[in-house]
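A look at the structure
Here is what each chain is made of, one letter per residue.
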Amino acid sequence: MSGTSKVSIYGAISANILIAISKFIAAFFTGSSAMFAEGIHSAIDTGNGLLLLLGLKRSVQTADKKHPFGYGMEIYFWSFVVSILIFSLGGGFAIYEGFHTLQDPQIIEDPVWNYSVLGVAILFEGISLIIAVRQFNKSHASGRLVANIIKSKDPANFAVVIEDSAALMGLVIALLGVYLSIKLENPYLDGMASLLIGTLLFLVAIFLAKETKGLLLGESANIKTLGKIEDILKQNKNIASYQFPKTVHFGPDNILVVVELKVIDGLDLISAENLINEIRTEIKVNCPKVGEVYIHMTDAVL
């Protein structure tokens, strides 16, 4: 999973560096507020990509006494930091720049710079988005993209898709803002475009924060994985009853499973121990993302 995540992140970083430089150059020569806001957006996206790479690197550290279940949740933390940066720096600066422009509107000079840069940026951002979506779809063969993003437990993967989508929409808004402000001879429209870009970034940041917050708090495995675990428990003739398995993600590919069950009457201790080992092995084989399985036997009625 992390390998596919890195491909999309590297693609996004490369595109954002080139796009940010070109946007700042265009903003310098034209004085466009929307273009400058977009330049900040791309610069922040570049930094966000580096933070996601840091999260991926730290998440694969070997488990130790301090973190017995590994460091997989590092990627959740850094993804949450990314959402905060998008909200505070990206959205906040775009809103500020928009209000500043509305207070002192300036006629955009030499719009060819803006059109050229925005055209190239849309091309690069589109390519980056296609790469990100393809990498994301490799681990989600079926279902709709938005639904899969909501269900995904790998923010390093879906964060790039979300950021690239927002970046592409922001570019379209900036292009319309520049075009309409010149066409209608209304410099206020450029500032309005910057405000819309800021609002877009706020919404994206809130969505990303919501998704990563759930993972940080400890989300359970998906319905498919839970169904497989239940099937294993139901089909074992030596299990009299069991409680619904408790699961939690300690990373995109590391699930902890806790099962409380009651064995049939008359099962001796050695057979019970063999049963536990058998169930643990079967769960891990059928659910590759399960890292640890804890099984507790009880005499109580479940």
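Residues numbered from 1 in each chain as written. Predicted model: local features only at pLDDT ≥ 70, side-chain atom pairs only at ≥ 80, totals over all residues. Heavy atoms only, no water.

Now for the overall build of the chain. In terms of helices and strands, the chain carries 9 helices and 4 strands. Here the C-alpha atoms of the chain give a radius of gyration of 25 Å, more than 25% beyond the 19 Å that 2.2 N^0.38 yields for 302 residues. Seen along its three principal axes, the alpha-carbon backbone of the chain occupies a region of about 90 × 35 × 30 Å. Long-range contacts, defined here as pairs at least 24 residues apart, represent 74% of the contacts in the chain between residues at least 6 apart. (Helix = DSSP H or I, 4+ residues; strand = E, 2+ residues; numbered from the N terminus. Rg over C-alpha atoms; globule rule 2.2 N^0.38 Å. Contact = heavy atoms within 4.5 Å.)

Turning to the nonpolar core, a few remarks are in order. In this structure, Ile 9, Leu 52, Val 161 and Leu 208 are the most contacted members of the largest nonpolar core, which totals 46 residues. Among the elements of the structure, α1 (2-30), α2 (33-59), α3 (74-103), α4 (112-138), α6 (155-183) and α7 (188-217) are those that each provide at least two residues to this core. Examining the composition of this core, we find that 9 residues originate from one element, α6, more than from any other. Non-local contacts of Ile 9, meaning those with residues more than four positions away in its chain, are made with Gly 49, Leu 52, Leu 53, Leu 56, Ala 156 and Val 160. Core analysis: the next-biggest nonpolar cluster, separate from the first, contains 19 residues, Ile 232, Ile 255, Val 257 and Leu 261 among them. (Core = buried A, V, L, I, M, F, W, Y, C linked by side-chain atoms within 4.5 Å. Buried < 20%, exposed > 50% of the residue type's maximum accessible area, 1.4 Å probe, protein only.)

Where helix α8 (residues 223-235) meets helix α9 (residues 269-286), the axes come as close as 10 Å, and the angle between the chain directions of the two elements is 145°. For the pair α8 and α9, the crossing hand works out as right-handed. Every residue of α9 that contacts α8 at Lys 228, Ile 229, Ile 232 and Leu 233 is listed here: Ile 279, Glu 282, Ile 283 and Asn 286. Residues belonging to the contact of α8 with α9 are distributed by class as follows: 5 nonpolar, 1 polar and 2 charged. (Axes fitted to C-alpha atoms, helices over the stretch in contact; angles between N-to-C directions. Left-handed = near helix turned anticlockwise from the far one by under 90°. Nonpolar A, V, L, I, M, F, W, Y, C, P; charged D, E, K, R; others polar.)

A few words now on the pattern of salt bridges. In this structure the tally under the stated criterion is 5 salt bridges. Between Glu 219 and Lys 153 there is a salt bridge whose closest N-O contact spans 2.6 Å. Here Glu 219 is found in the loop between α7 and α8, whereas its partner Lys 153 is found in the loop between α5 (145-151) and α6, with 66 residues between them in sequence. For Lys 153, a relative accessible area of 14% puts it in the buried group. Here Lys 262 makes a salt bridge to Asp 265, at a shortest N to O gap of 3.7 Å. Overall, Lys 262 belongs to the buried group, its relative accessible area being 16%. We classify Asp 265 as exposed; its relative accessible area is 71%. (Salt bridge = Lys/Arg side-chain N within 4 Å of Asp/Glu carboxyl O.)

With that settled, the discussion passes to the environment of Phe 36. Its place among the elements puts Phe 36 in helix α2. In this view, Phe 36 contacts Phe 24, Ala 27, Phe 93 and Glu 97; residues no more than four positions away in its chain are not counted.

Looking now at the layout of surface pockets. Estimated volume of the largest pocket: approximately 720 Å³. Going through the elements one at a time, α5 and α8 are the ones with two or more residues in the lining of the largest pocket. Among the elements that line the lining of the largest pocket, the one with the most residues is α8, at 5 residues. Its residues placed into classes, the lining of the largest pocket shows 10 nonpolar, 9 polar and 7 charged. (1 Å grid on protein atoms, 1.4 Å probe; cavity = no way out; pocket = protein on both sides within 12 Å on 5 of 7 lines; lining within 4 Å. Points joined across faces, edges and corners; volume = space filled by probe spheres on them.)

Now for the environment of Gly 98. In this fold, Gly 98 is placed in helix α3. Classification of Gly 98 by relative accessible area gives buried; the value is 0%. Distance in space between the C-alpha atoms of Gly 98 and Ala 34 is 7.4 Å, their sequence separation being 64 residues. When near neighbours in sequence (up to four residues on either side) are disregarded, Gly 98 contacts Ser 33, Gly 191, Ser 194 and Leu 195.

This part takes up the side chain of Lys 153. At a separation of 2.6 Å, a polar atom in the side chain of Lys 153 contacts the side chain of Glu 219. A distance of 3.3 Å separates a polar atom in the side chain of Lys 153 from the backbone oxygen of Ser 220. Every residue in contact with Lys 153, bar those within four places of it in the chain, is listed here: Tyr 76, Leu 215, Glu 219, Ser 220, His 249 and Pro 252. (Polar contact = N/O pair within 3.5 Å; in protein donor to acceptor, adjacent residues only side chain to side chain.)

Tallying each qualifying case throughout the model produces 6 aromatic pairs. Aromatic side chains Phe 69 and Phe 250 sit 4.7 Å apart centroid to centroid with 20° between the ring planes, which places their arrangement in the stacked category. A residue pair is termed long-range when its members are at least 10 positions apart, and Phe 69 in the loop between α2 and α3 and Phe 250 in the loop between β2 (246-249) and β3 (255-263) qualify at 181 residues. Residue classification places Phe 69 among the partly exposed residues on the basis of a relative accessible area of 27%. An aromatic cluster of three or more residues is present, and its members are Phe 24, Phe 36, Phe 93 and Tyr 96. (Phe/Tyr/Trp six-rings, centres within 6.5 Å; stacked < 30°, edge-to-face > 60°.)

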